[in-house]
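Letter by letter, the chains look like this.
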Amino acid sequence: MRVLAEGAGVDAGTLRHYFGDRQGVVQAAFEYLLKFGQERQAWAKTLADLPAREAFSQLLGQVAAAWSGALGGMHATGFAEGMADSELGQIYVSSILEPTLSSVEELLIVFHTRGELSVPNARVAALALMSPVLLALFHQHQLQGRRCRPLVMEHFIEQHLDGFLKGYTKS
């Protein structure tokens, strides 16, 4: 609670008063951040008007750009807290991770319907698109991998998209 209170710039007693315990604080934070995620989901839907490569390049570029701000911390907290507490894990998955994946699935279905991509399973494709990028971002930022093995995210994203689109482009 002390660390969370310091991060919020308040006294730990204040957090206890309003949220009860650590789980309550983290749950409230996830619910608050869900509102911002809904704005990003609405933006992601507008990408359906673009060609698939351009849409996914913008989407992944936005994720990478926002990662060093609140986005990376939110996902890192979700993973860390969720692995320690299954209830918080469910809250993270349902309020943060799944809405993100659902947005990507929706885009993939649009591109499939339009005949631009061949996507037999949008869920699998969404995980295949997002997982390497999220892992690379965790590696570079939260795990400090940029100190020992720096990665230029823009190049990584473009190379990842090359492979992803090669696998899902209609023949």
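Bear in mind the structure is a predicted one, so any value in this text is a computation, not a measurement. (Residues numbered from 1 in each chain as written. Predicted model: local features only at pLDDT ≥ 70, side-chain atom pairs only at ≥ 80, totals over all residues. Heavy atoms only, no water.)

### Some remarks on the overall build of the chain
In step 1: If you tally the helices and strands in the chain, you get 8 helices and 0 strands.
In step 2: Helices and strands in the chain line up, N terminus first, as α-α-α-α-α-α-α-α.
In step 3: Along the first, second and third principal axes, the C-alpha atoms of the chain reach 60 × 35 × 25 Å.
In step 4: Relative to its 171 residues, the chain shows a buried fraction of 36%.
In step 5: Taking as baseline every contact in the chain between residues at least 6 positions apart, the subset at least 24 positions apart corresponds to 64%.
In step 6: As displayed, the chain has an accessible area near 9,700 Å², and 57% of this comes from carbon and sulfur atoms. (Helix = DSSP H or I, 4+ residues; strand = E, 2+ residues; numbered from the N terminus. Buried < 20%, exposed > 50% of the residue type's maximum accessible area, 1.4 Å probe, protein only. Contact = heavy atoms within 4.5 Å. Areas by Shrake-Rupley, 256 points an atom, 1.4 Å probe, with all protein chains shown as cover.)

### Considerations on the packing of aromatic side chains
In step 1: Counted under the stated rule, the structure contains 6 aromatic pairs.
In step 2: Measuring from ring centre to ring centre gives 6.2 Å for Phe 56 and Phe 164, while their planes differ by 80°; the resulting arrangement is edge-to-face. Of this pair, Phe 56 sits in helix H4 (residues 52-84) while Phe 164 sits in helix H8 (residues 153-168); the two residues are 108 residues apart in sequence, bridging distant segments of the chain. We note that Phe 56, like Phe 164, is buried.
In step 3: Pairing Phe 79 with Tyr 92 gives two aromatic rings, centres 5.7 Å apart and planes at 65°, and the pair type is edge-to-face. One end of the pair, Phe 79, is in helix H4; the other, Tyr 92, is in helix H5 (residues 86-113), with 13 residues separating them in the sequence.
In step 4: Given a relative accessible area of 34%, Phe 79 falls into the partly exposed group. (Phe/Tyr/Trp six-rings, centres within 6.5 Å; stacked < 30°, edge-to-face > 60°.)

### Describing the packing of helix H3 (residues 22-46) against H4
In step 1: Put simply, H3 and H4 touch, their axes get as near as 10 Å, and they point 165° apart. Classed by the angle they form, the pair H3 and H4 counts as roughly antiparallel. In the crossing of H3 with H4, the sense of the turn from one axis to the other is left-handed. Only Gln 58, Leu 59, Gln 62, Met 74, Thr 77, Gly 78 and Glu 81 of H4 make contact with H3, whose side of the interface consists of Arg 22, Val 26, Phe 30, Leu 33, Arg 40, Trp 43 and Ala 44.
In step 2: Residues of the contact of H3 with H4, tallied by class, amount to 7 nonpolar, 4 polar and 3 charged. (Axes fitted to C-alpha atoms, helices over the stretch in contact; angles between N-to-C directions. Parallel < 35°, antiparallel > 145°, perpendicular 65-115°, else oblique. Left-handed = near helix turned anticlockwise from the far one by under 90°. Nonpolar A, V, L, I, M, F, W, Y, C, P; charged D, E, K, R; others polar.)

### What about the UniProt feature "domain: Transcriptional regulator TetR C-terminal Proteobacteria type" (unreviewed entry) in the chain?
In step 1: According to UniProt, the feature "domain: Transcriptional regulator TetR C-terminal Proteobacteria type" (unreviewed entry) maps to residues 74-169 in the numbering used here.
In step 2: End C-alpha to end C-alpha, residues 74-169 measures 32 Å, and it is 81% helix and 0% strand. (UniProt positions renumbered as here; feature names shortened; annotations may be inferred.)

### What to know about the nonpolar core
In step 1: Phe 56, Val 104, Leu 108 and Leu 117 are the most contacted members of the largest nonpolar core, which has 43 residues in total.
In step 2: At the level of secondary structure, the elements contributing two or more residues to this core comprise H3, H4, H5, helix H6 (122-140) and H8.
In step 3: Leu 108 has contacts with Phe 56, Leu 117, Val 119, Ala 122, Ala 125, Ala 126 and Phe 164, leaving out every residue within four places of it along the chain.
In step 4: Counting 5 residues, the second largest nonpolar core, distinct from the first, contains Met 1, Ala 5, Ala 12 and Val 25. (Core = buried A, V, L, I, M, F, W, Y, C linked by side-chain atoms within 4.5 Å.)

### Quick notes on the pattern of salt bridges
In step 1: Within this structure, the stated rule accounts for 7 salt bridges.
In step 2: Linking Lys 45 and Glu 106 is a salt bridge whose minimum nitrogen-to-oxygen distance equals 3.6 Å. With a gap of 61 residues between them, Lys 45 in helix H3 and Glu 106 in helix H5 connect regions that are remote in the sequence.
In step 3: The class of Lys 45 is exposed, set by a relative accessible area of 51%.
In step 4: For Glu 106, a relative accessible area of 37% translates into the label partly exposed. (Salt bridge = Lys/Arg side-chain N within 4 Å of Asp/Glu carboxyl O.)

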